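In case you want the letters, here they are:
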Amino acid sequence: MPKPRSKRQAIREERKKKRQQDDEGVDEQKAKRRRKNEDVAGDDDGENGQVAEFENGQEQYPQGDGLAPHEREFFGMLSDQEQEYFRSVDEQLDIDNFPSHEERQLFLASVFTEARGKELKLACSQSCSRLMERLILMSNTRQKKKLFEQFAAHFVNLVQHRFASHCCETLFLQSASVVTRELGGERDDQPAEDDEDQDQAPLPSMEELFLLTLDELEGRLGFLMTDRFASHTLRVLLLILSGRPLDQAHTKSLIHSKKKEKISAPWKSASDPAADGQLRAVPNSFNLATKKIIIDSVSGMSPTELRVLATHPTGNPVLQLLLELDITLNGKSTDDSGSGETTLLWHLLPGAPASLKDATTPASEFINSMLYDPIGSRLLEKLIVHCPGKVFKAMYRNNLGTRIHSLLRNDIACYPAICVLNRLSKEDLVSAVKQVLPEFGKFVTLSRFNVIKALLDRCQARQAYDEVKALTSQLVEECGPDPKLLIPRLCLPQSSEGEGEGKHDPLAKSKSAVISHGSHLATAMLAIPFAPRKAVQASISALSAEQVLQLATSSGPTSHVVLGALTTPSENKILHKALVSKLRPHVMELANSEHGNKVLSAIIEVPSRGEGISLPFHIKEGIMADLGEHEQELRDSYQGRRIWRNWKGDIWRNRRAEWVVWAKEVDTAPEPQKMSERMSAAADRRSKPVPDRTSKPAPASASASASASASAPVKSKSTSDIIEVNIIEADNNNDNPNRIQVGEGGWTGKDKKFGRRGKKSGK
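Glancing now at the overall build of the protein. In terms of helices and strands, the protein carries 40 helices and 5 strands. Within the protein, the proportion of its 763 residues that are buried is 43%. Contacts in the protein between residues at least 24 apart in sequence constitute 71% of all its contacts with a sequence separation of at least 6. Surface exposure of the protein reaches about 41500 Å², of which carbon and sulfur atoms provide 51%.

Let us now look at helix 31 (residues 575–583). Residues separated by three or four positions in an α-helix point in the same direction, a consequence of the helix having 3.6 residues per turn. Within the span of helix 31, buried status applies to Leu575, His576, Leu579, Val580 and Leu583. Viewed along the axis of helix 31, the buried residues span an arc of 120°, placing them on a single side of the element. Of the surrounding elements, those touching the buried residues of helix 31 are helix 28 (531–541), helix 29 (545–553), helix 30 (556–567), helix 32 (587–591), helix 33 (596–603) and helix 34 (617–629).

Mapped onto the elements, Cys419 comes out in helix 21 (residues 414–421). On the basis of relative accessibility, which here comes to 12%, the residue Cys419 falls in the buried class. For Cys419 and Ala454, which are 35 residues apart along the polypeptide, the C-alpha to C-alpha distance reads 9.2 Å. Beyond its immediate chain neighbours, meaning those up to four positions away, Cys419 contacts Glu381, Ile384 and Val385.

Before going further, it helps to examine the nonpolar core. One finds Leu349, Met395, Leu600, Leu627 and Trp647 to be the most contacted residues of the largest nonpolar core, which totals 183 residues. Among the elements that make up this core, the one with the highest residue count is helix 8 (residues 164–183) (9 residues). Setting aside residues no more than four positions away along its own chain, Leu600 makes contact with Val587, Leu590, Ala591, Ile623, Leu627, Ile643 and Trp647.

Applying the stated rule across the entire model yields 13 aromatic pairs. Their ring planes at 90° and their centres at 6.1 Å tell us that Phe151 and Phe155 sit as a pair that is edge-to-face. There is no split in this pair, since Phe151 and Phe155 are both buried. Centroid distance Phe617 to Trp659: 6.2 Å. Interplanar angle 40°. Geometry classified as tilted.

Moving on, we get to unusual backbone geometry. In this chain, Ala352 is followed by Pro353 through a cis amide linkage whose omega measures 0°. Structurally, the position occupied by Pro353 is in the loop between helix 16 (344–348) and helix 17 (362–371). Residue Ser447 is not a glycine yet carries a positive backbone phi of 60°. As for its placement among the helices and strands, Ser447 is situated in the loop between helix 23 (440–445) and helix 24 (449–461). Taking the relative accessible area as the measure of exposure, Ser447 reaches 5% and is therefore buried. The phi angle at Lys648 is positive, at roughly 55°, despite the residue not being glycine. Within the secondary structure, Lys648 is located in the loop between helix 36 (638–646) and helix 37 (649–654).

The tally for this structure, following the rule as stated, stands at 0 disulfides. Here Cys124 is not cross-linked by a disulfide; its sulfur's nearest cysteine counterpart is in Cys167, at 8.0 Å. Its relative accessible area of 18% is what places Cys124 among the buried residues.

Another point: the confidence of the model for the protein. Confidence along the protein averages 80 in pLDDT terms, with 72% of residues attaining 70 or more. Long-range and interchain partners of residues 32–68, a stretch whose pLDDT sits below 50, account for 41 contacts in this model, where long-range means more than four residues apart. Throughout residues 668–676 the model reports pLDDT below 50, and contacts reaching past four residues in sequence, or to other chains, amount to 2 contacts.

All chains considered together, the criterion is met by 20 salt bridges. For Glu439, the salt bridge is made with Arg409, and the minimal N-O distance between the two is 2.3 Å. Note that Glu439 is positioned in the loop between helix 22 (426–436) and helix 23 and Arg409 in helix 20 (residues 404–409), a separation of 30 residues in sequence. Overall, the relative accessible area of 22% leaves Glu439 in the partly exposed class. Between Arg635 and Glu631 there is a salt bridge, with its nearest N and O atoms 3.1 Å apart. Of this pair, Arg635 and Glu631 both sit in helix 35 (residues 631–635), 4 residues apart, which is roughly one turn of the helix. Owing to a relative accessible area of 31%, Arg635 belongs among the partly exposed residues under this scheme. Residue class for Glu631 comes out buried when judged on its relative accessible area of 15%.

A separate point is the side chain of Ser601. Mapped onto the elements, Ser601 comes out in helix 33. Residue Ser601 is classed as buried on the basis of its relative accessible area, which comes to 12%. Here Asn597 takes part through its backbone oxygen, which lies 2.9 Å from a polar atom of the side chain of Ser601.

Calculation criteria
Residues numbered from 1 in each chain as written. Predicted model: local features only at pLDDT ≥ 70, side-chain atom pairs only at ≥ 80, totals over all residues. Heavy atoms only, no water. Helix = DSSP H or I, 4+ residues; strand = E, 2+ residues; numbered from the N terminus. Buried < 20%, exposed > 50% of the residue type's maximum accessible area, 1.4 Å probe, protein only. Contact = heavy atoms within 4.5 Å. Areas by Shrake-Rupley, 256 points an atom, 1.4 Å probe, with all protein chains shown as cover. Arc of directions from axis to C-beta. Core = buried A, V, L, I, M, F, W, Y, C linked by side-chain atoms within 4.5 Å. Phe/Tyr/Trp six-rings, centres within 6.5 Å; stacked < 30°, edge-to-face > 60°. Disulfide = S-S within 2.5 Å. pLDDT = per-residue confidence, 0-100. Salt bridge = Lys/Arg side-chain N within 4 Å of Asp/Glu carboxyl O. Polar contact = N/O pair within 3.5 Å; in protein donor to acceptor, adjacent residues only side chain to side chain.

Written as structure tokens, this is what we have:
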């Protein structure tokens, strides 16, 4: 007896029949067009009569078992009245002038009602696709599921569309949290009481909607990986299926390009998650679907096709994500290439780690071909970071270890080599540093400051302190005859325009990148104690006022060098004072600078008295006075208003004494742990009984009479008899010796000569 069909299987078969009918109609149109072209041209247009198609400037190749791309569907255009209506809706959402949240929800529901049946037109419209993204951001779970149903059977075309692909990405990202909530048994897709859809069947779960979408894309992943727009949507789907965080900087750079327009909404649905930066719980079907996507994407590819895909500018990011998910999901099965299931890792490195011993094997050739490729090296970085330990050790021992110094010199191969340094043990790291030191001058000449930073960081992390000292001394020596030239060489380089043409000038390629890498190196050296920190601080203290101002205002990385110098302890007690004194004449330039205002805001947080960090309070008062003279100018700019707020300018102008107290509290603010200890110590002192200093101890002979009179009532002293004033110092946990007591006999405290106050000495 055949097994009864499930609801999902019935829906899948219905959609498959619809796609077959559409394909038959498209094939008829293509046949008619082909016959017409043959009549006009009269000759063949290529092998087997096929013509290479170009979509949006990208050449589409069906790869692996992927089917050929469909002809693009046209869903129609919005009328002028509809465009005007949706444009007015967009303006009202921008203004967000609704009296209550209920009014907003009613307005949004009316917009969705008006857009019913026009969702595909809105998604493909250049002027209204942004509105569709905003509506998705503000929609509830039921409205998201309705959009899934409207986009169904058209996802293959939508993900390849220039504007609709962004709507699909937003819909997938906003629906990811719904899967996690429904996995916990929470369903919030029930219709409202006054909803017209109340009599309809319940909507499917979000898990089923995602799986139906994957069924629709199945068989076409090969050419979608290299599509200009669909590749981004495919990355979003892979991240959602894997349960990885969606709100991290690394994740955003992986799924969005730098030109991605940020679509914001005045408010978001109350059902949106508050923990997008955390791992999400996903059903087991998502993990199985991810494994199936990885297998289907590369199962039919030859090694040559896989190598071409690794160097493809659009397919490479998708392959990076597939490789990372493959190693993560398969776990221990990736430790041995002899496992039953052949994964993506073993497609890239067949026979590893044993095959890496021979330089002529496909695995070794793949590594060598990717090292110096500007696109393929990114995939190699991902491979080095996530591959199993056995594979990495064999790769380093046979392919990378002997030439690590030459790889670190190259402007492309240095990035995979830096990833190698991050995984080396202390012994291998020391060996790599020994290979680098004889050629260290070339690293400085070529401005490979990112490589030097990685070497210093890893040696400090592995506690190779001798290598840290050797690298620092070599860097200071190569930057110039004077150790004070370190910071100008790293952060303020000058291009060599007047010198010979044969000399290499790294600034001619990318000056901003060189300055950024040099500034990051200087900041990292400030964080490493002893030799690196002393070298940077000595160079900063020797800078002129113009150079310090240029560091603080020219760029973000250079301003962080000044910030690091202000917040790092130094054996030179006047370092922070000298640094701020050089910046004080240029207070307004710092306040109005995009990067300099951060340095000016950090000055108020430098303590006036501290171990290794100190800045006299009168310098801060002088800076605040200079800012007060230009109050109106500061209020006229965004950066100026931020400076005025950080320095508490209003309190300084109206309540000067209160500002002084606040500024000194900022100066001497102790650590939270020390503060709690001081507060508990002060409470203990207050709980102790007040000693009676006016009474003298009784002699030993009078002990009997004292015990006899113990039963007699004792007259308690009133508050007016003795008043004790305790002056507790903030930085001293011991009892204060300077206590003042007032009694009937007058002052009974002690003066500086430990004599009685109010009484003459015995002389």
